[in-house]
Amino acid sequence: MSVSAVRVLIEGQVQGVWFRAWTIQQASARGLDGWVRNRNDGTVEALFSGAADAVEAMVKACWEGPPGARVTDVAVSPADAPGEPGFRHHSTG
């Protein structure tokens, strides 16, 4: 199994539409580790770590997001694994 870790920055109408809760649900269902948080600039940032195919599927899902979200960009960059198992919410930063 190939393991991958990426950091994503999601832009658009992504705050106030349950994007973080949706991300936690979707990432947990895919068996991913990592975190998600709102950023002060109105974007959502997340770290996804796990099986490469599950990480890729999660990044693709971020282009849709939950009902009410309007995603305009998903920027992906390599990252280190989070060091803790599970997927959680981080404070706004």
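Each remark here, short or long, concerns the structure printed above.
Here's a quick rundown of the structure.

Secondary structure assignment for the protein chain yields two helices and five strands. In sequence order, the secondary structure elements of the protein chain are arranged as β-α-β-β-α-β-β. At 12 Å, the protein chain has a C-alpha radius of gyration in line with the 12 Å of a compact globule built from 93 residues. Buried residues in the protein chain amount to 39% of all 93 residues. If you take every contact in the protein chain between residues at least 6 apart in sequence, the share linking residues at least 24 apart comes to 77%. Positive and negative side-chain charges in the protein chain, numbering 8 and 10 respectively, have mean positions lying 5 Å apart.

With that settled, the discussion passes to the pattern of salt bridges. Tallied over the entire structure, the rule returns six salt bridges. Note that Arg-7 and Glu-45 form a salt bridge whose closest N and O atoms lie 3.3 Å from each other. Highlighted residues: Arg-7 in strand 1 (residues 3-13) and Glu-45 in strand 3 (residues 44-51), separated in sequence by 38 residues. Residue Glu-56 is joined to Lys-60 by a salt bridge in which the shortest nitrogen-to-oxygen separation is 3.3 Å.

The subject of this paragraph is the side chain of Ser-49. As for its placement among the helices and strands, Ser-49 is situated in strand 3. If we skip the residues at most four places from it in the chain, Ser-49 touches Ser-4, Ala-5, Leu-32, Asp-33, Val-55, Ala-81 and Pro-82.

A few words on helix 2 (residues 52-62). Within helix 2, burial applies to Ala-54, Val-55, Met-58, Val-59, Ala-61 and Cys-62. Each buried residue of helix 2 sits inside an arc of 160° when the element is viewed along its axis, so together they form one side. Summarising the geometry of helix 2, the exposed residues directed more than 90 degrees from the buried face are Asp-53 and Lys-60. In this structure, the buried side of helix 2 is in contact with strand 1, helix 1 (19-29), strand 3 and strand 4 (70-78).

Okay, the nonpolar core next. Of all hydrophobic cores here, the largest spans 24 residues; its most connected members are Val-8, Ile-10, Phe-19 and Phe-48. If you tally residues by element for this core, the top one is helix 2, at six residues.

Bringing the pairing of strand 3 into the picture now. For strand 3, a buried count of eight out of eight residues is recorded, marking the element as mostly surrounded by other parts of the structure. In this structure, strand 1 lies alongside strand 3, joined through eight bridges in antiparallel fashion. Looking at strand 3, one finds that Val-8 is bridged to Ala-46. Note that strand 2 (residues 33-38) and strand 3 share six bridges and pair antiparallel. Along strand 3, the bridge assignment pairs Gly-34 with Phe-48. Taken together, strand 2 and the strand that follows it, strand 3, pair antiparallel across an intervening segment of five residues, in which Gly-42 is found at a positive phi of about 95°.

Here is what the cut-offs are and how they apply
- Residues numbered from 1 in each chain as written.
- Predicted model: local features only at pLDDT ≥ 70, side-chain atom pairs only at ≥ 80, totals over all residues.
- Heavy atoms only, no water.
- Helix = DSSP H or I, 4+ residues; strand = E, 2+ residues; numbered from the N terminus.
- Rg over C-alpha atoms; globule rule 2.2 N^0.38 Å.
- Buried < 20%, exposed > 50% of the residue type's maximum accessible area, 1.4 Å probe, protein only.
- Contact = heavy atoms within 4.5 Å.
- Lys, Arg positive; Asp, Glu negative; His and termini not counted.
- Charge placed at Lys NZ, Arg CZ, Asp CG, Glu CD.
- Salt bridge = Lys/Arg side-chain N within 4 Å of Asp/Glu carboxyl O.
- Arc of directions from axis to C-beta.
- Core = buried A, V, L, I, M, F, W, Y, C linked by side-chain atoms within 4.5 Å.
- Pairing = 2+ DSSP bridges.

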